[in-house]
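# Structural description and commentary
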Amino acid sequence: MHQDVRSEGMSYGLMITLQLNKKAEFDALWNFSMTHMYIEKPGHPAEGYFAWSVQQNGVRNAEGPAPDGEEYIVTALYMAAGRWGNGTGIYNYQAWADKILNQMRHHPIHTMINEEKKMILFVPQTKNAAFSDPSYHLPAFYELWALCGPKADRSFWAAAADTSRAYFQKTTNPSTGLSSDYADFDGKPVHTSYNPDADHFAYDAWRTVMNWSVDWNWWHKDVREKELSYRIQAFFYRQGIQTYGSVYTKEGELIRAGHPAGLVSTNAVASLASEHPKSKEFVEALWDLPVPHNIGDRYYGGLLYLMSLLHCSGKFQLFLPVVK
């Protein structure tokens, strides 16, 4: 299975070590990211971003980024500054967060943002810059950036947070609460040749419920997020809380069976916002999960599992840096 190092995984690792107050481990992950994944060659189409995949020895498998990595990296750096303060060089967390966030919106070649729509892109390359990924929408993080990011862009990030909250309403099915892996800016599913599940509720889409539920838990700015969490938990409860599958159409037709740890985990995070009478059972299902341990599940399922445990236990906290 996966034997590479991904910006997505490194960014999750940074957030997890931050939340667990493990500064040495955080700094080691950040050092690897900057040494082997950060693209600093002047004029490179992805200058200032992180290669989304490298080999374990640091040799790059890819020369482009995946924006969800940058989103988590930036937020972890801001919160590291809030929790531990800033050091020097690459350990001046806040300065690096500012620099990366500035590139995300103002990159001279490929930005990660559709400026008109105020939305994160799936990838900032031309052929794939025409649509988004609902699970990349992180309004909880954008609110933080609106408070402590570069001053000139704060109002933009506040507007982007509201845009993402509205996007969740557009991209989820009104009956099931399911979103697709990829979607147009109007919320309609996108089909691609390289991801046969792109227009279905699949592996990326598992995270979308976590994103809106955490946003509600932190900021309480859009009461509709409570209804979304209720709706998706109601759907999966009808499917069988111990037996539901892994991939569905947005309308709720089962495509692939299995009962993956990653989805069980994020469905538990929905309880941060849901008022479904069975919400506690979703949290108990997470608690009862064995720790993901096989090669196929340790990376993605395991990271979602650990982050979800932090969310559901109240240990995934917001650390604000000094606002300049």
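Since the structure is predicted, the reported quantities are computational estimates derived from the model, not experimental observations.

Analysis parameters
Residues numbered from 1 in each chain as written. Predicted model: local features only at pLDDT ≥ 70, side-chain atom pairs only at ≥ 80, totals over all residues. Heavy atoms only, no water. Helix = DSSP H or I, 4+ residues; strand = E, 2+ residues; numbered from the N terminus. Rg over C-alpha atoms; globule rule 2.2 N^0.38 Å. Buried < 20%, exposed > 50% of the residue type's maximum accessible area, 1.4 Å probe, protein only. Contact = heavy atoms within 4.5 Å. Lys, Arg positive; Asp, Glu negative; His and termini not counted. Charge placed at Lys NZ, Arg CZ, Asp CG, Glu CD. Phe/Tyr/Trp six-rings, centres within 6.5 Å; stacked < 30°, edge-to-face > 60°. Lys NZ or Arg CZ within 6 Å of the ring centre and 35° of its normal. Salt bridge = Lys/Arg side-chain N within 4 Å of Asp/Glu carboxyl O. Core = buried A, V, L, I, M, F, W, Y, C linked by side-chain atoms within 4.5 Å. Expected span 1.5 Å × (residues − 1). Axes fitted to C-alpha atoms, helices over the stretch in contact; angles between N-to-C directions. Parallel < 35°, antiparallel > 145°, perpendicular 65-115°, else oblique. Left-handed = near helix turned anticlockwise from the far one by under 90°. Nonpolar A, V, L, I, M, F, W, Y, C, P; charged D, E, K, R; others polar.

On a plain count of helices and strands, the chain comes out with twelve helices and six strands. Against the 2.2 N^0.38 benchmark of 20 Å for 324 residues, the chain shows a C-alpha radius of gyration of 18 Å, consistent with a compact globule. Oriented by its inertia axes, the alpha-carbon framework of the chain measures out at about 50 × 40 × 40 Å. The burial tally for the chain puts 59% of its 324 residues in the buried class. Considering only intrachain contacts with a sequence separation of at least 6, the fraction spanning at least 24 residues in the chain is 63%. Computed over 29 positive and 34 negative side-chain charges, the inter-centroid distance for the chain is 4 Å.

Looking now at the environment of Ile232. On the secondary structure map, Ile232 appears in helix 8 (residues 224–239). Contacts of Ile232, omitting those with residues within four sequence positions, involve Thr176, Gly177, Leu178, Phe201, Val209, Trp212 and Ala270.

Our next topic: the packing of aromatic side chains. By convention here, two paired aromatic rings are described through the distance between centres and the angle between planes. If you walk through the whole model with that rule in mind, you get 29 aromatic pairs. Seen in terms of ring centroids, Tyr182 and Tyr194 are 6.4 Å apart; in terms of plane orientation they differ by 45°. Their pairing is tilted. Of this pair, Tyr182 sits in the loop between helix 6 (154–171) and helix 7 (208–219) while Tyr194 sits in the loop between helix 6 and helix 7, and the two are twelve residues apart along the sequence. The buried category is assigned to Tyr182, whose relative accessible area is 6%. These aromatic residues form a ring-pair network of at least three members: Tyr12, Tyr72, Phe141, Trp218 and Phe316. If you follow Arg105 out to its NZ or CZ, it ends over the ring of Phe156, 3.9 Å from the centre.

A few words on the pattern of salt bridges. Pairs may arise between side chains of opposite charge once their charged atoms sit close together. Under the criterion given, the structure shown has 18 salt bridges. With a shortest N-O distance of 3.1 Å, Glu63 and Arg60 are connected by a salt bridge. According to the relative accessible area criterion, Glu63 is partly exposed, its value standing at 42%. The class for Arg60 is partly exposed, based on a relative accessible area of 31%. Measuring nitrogen to oxygen at the nearest pair gives 2.7 Å for the salt bridge that ties Asp215 to Arg165. Taken together, the positions of Asp215 in helix 7 and Arg165 in helix 6 put the pair 50 residues apart, joining distant regions of the chain. Neither Asp215 nor Arg165 differs from the other in exposure class; each is buried.

Tracing the sequence through the fold places His276 in the loop between helix 9 (261–269) and helix 10 (279–288). For His276, the contacting residues outside a window of four places in its chain are Tyr230, Gln233 and Ala234.

By size, the foremost hydrophobic cluster in this structure holds 92 residues, and its most contacted members are Trp145 and Phe236. Looking at which element gives the most residues to this core, the answer is helix 3 (residues 67–84), with nine residues.

This paragraph deals with the environment of Thr208. Here Thr208 lies in helix 7. Sequence spacing of Thr208 and Pro124 is 84 residues, and the spatial spacing of their C-alpha atoms is 20 Å. Non-local contacts of Thr208, meaning those with residues more than four positions away in its chain, are made with Pro134, Ser135, Phe168 and Ser179.

With respect to the element layout, Lys151 can be found in the loop between helix 5 (139–148) and helix 6. Between the C-alpha atoms of Lys151 and Lys324, which are 173 residues apart in sequence, the distance is 8.3 Å.

Once that is clear, we can look at helix 4 (residues 93–106). With 14 residues, helix 4 extends 20 Å from end C-alpha to end C-alpha; this agrees with the ideal 20 Å at 1.5 Å per step. Among all positions of helix 4, only Tyr93, Gln94, Trp96, Ala97, Ile100, Leu101, Gln103, Met104 and Arg105 are buried. Residues of helix 4 that are buried make contact with helix 2 (23–37), helix 3, strand 3 (113–114), strand 4 (119–120), helix 5 and helix 6.

In this fold, Thr17 is placed in helix 1 (residues 7–19). With near-sequence residues (within four places) excluded, Thr17 lies in contact with Lys22, Glu25, Phe26, Leu29 and Trp84.

Turning our attention to the packing of helix 7 against helix 8. Two numbers describe how helix 7 lies on helix 8: the axes approach to 9 Å, and their chain directions differ by 140°. In terms of their interaxial angle, helix 7 and helix 8 are classed as oblique. When you trace helix 7 past helix 8, the crossing you get is left-handed. Listed contacts from helix 8 to Val209, Trp212, Ser213, Asp215 and Trp216 of helix 7 are Glu225, Lys226, Leu228, Ser229 and Ile232. Of the residues assigned to the contact of helix 7 with helix 8, the class counts are five nonpolar, two polar and three charged.

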